[in-house]
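Close look at the chain arrangement
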Amino acid sequence: MKLFGNKIDPCCSYCEHSRPLDDQMVFCPKKGIVALYYSCRQYQYAPLKRVPRRNQIIPKYKQEDFEL
């Protein structure tokens, strides 16, 4: 099992070869400047580059919210 799960789509933002340029682009020594969500055949997953999504905060309800 991979770190952060098995269902990880290939993405240049967390590829072993990529280096971030800004919020939208990364530098790949294999393909040049590409978008964050691009991927190629040389993709290698780097688990330490990936930031998992935060858990959604569940709002706290009061008893008054459930009254008619």
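Higher on the page you've got the structure.
Analysis parameters
Residues numbered from 1 in each chain as written. Predicted model: local features only at pLDDT ≥ 70, side-chain atom pairs only at ≥ 80, totals over all residues. Heavy atoms only, no water. Helix = DSSP H or I, 4+ residues; strand = E, 2+ residues; numbered from the N terminus. Buried < 20%, exposed > 50% of the residue type's maximum accessible area, 1.4 Å probe, protein only. Contact = heavy atoms within 4.5 Å. Pairing = 2+ DSSP bridges. Polar contact = N/O pair within 3.5 Å; in protein donor to acceptor, adjacent residues only side chain to side chain. Phe/Tyr/Trp six-rings, centres within 6.5 Å; stacked < 30°, edge-to-face > 60°.

Overview of the environment of Phe27
- The topology assignment puts Phe27 in strand β2 (residues 25–28).
- Accessibility expressed as a relative area gives 37% for Phe27, which makes it partly exposed.
- Separated by 35 residues in sequence, Phe27 and Lys62 have C-alpha atoms that sit 50 Å apart.
- Discounting residues that sit within four places of it in the chain, Phe27 has contacts with His17, Ser18, Arg19, Leu21, Gly32 and Ile33.

Some words on the pairing of β2
- Only one face of β2 is covered, namely the face carrying Val26 and Cys28; the face carrying Met25 and Phe27 is uncovered.
- Summarising the sheet, strand β1 (residues 19–20) and β2 pair through two bridges and their orientation is antiparallel. Counted as the bridge partner of Pro20 is Val26 from β2.
- The antiparallel pairing of β1 with β2 creates a hairpin that spans four residues between the two strands.
- Strand direction decides the pairing type here: β2 and strand β3 (residues 32–35), joined by four bridges, are antiparallel. Within the sheet, the bridge partner assigned to Cys28 lies in β3 and is Gly32.

Overview of the side chain of His17
- Take His17: it is sitting in the segment before β1.
- Of note is the side chain of His17, whose polar atom sits 3.3 Å from the backbone oxygen of Gln42.
- Once you skip the residues sitting within four places of it in the chain, His17 turns out to touch Phe27, Pro29, Lys30, Gln42 and Gln44.

Things to note about the packing of aromatic side chains
- Going through the model one piece at a time under the given rule, you end up with two aromatic pairs.
- Judged by centre distance (6.0 Å) and plane angle (85 degrees), the ring pair of Tyr14 and Tyr45 falls under edge-to-face. Residue Tyr14 is found in the segment before β1, and its partner Tyr45 is found in the segment after β3; the two are separated by 31 residues along the sequence. The same class applies to Tyr14 as to Tyr45, namely buried.
- Ring geometry for Tyr61 versus Phe66: centroids 5.8 Å apart, planes at 65 degrees, classification edge-to-face.

As far as function goes, none of this settles anything; it's purely spatial.
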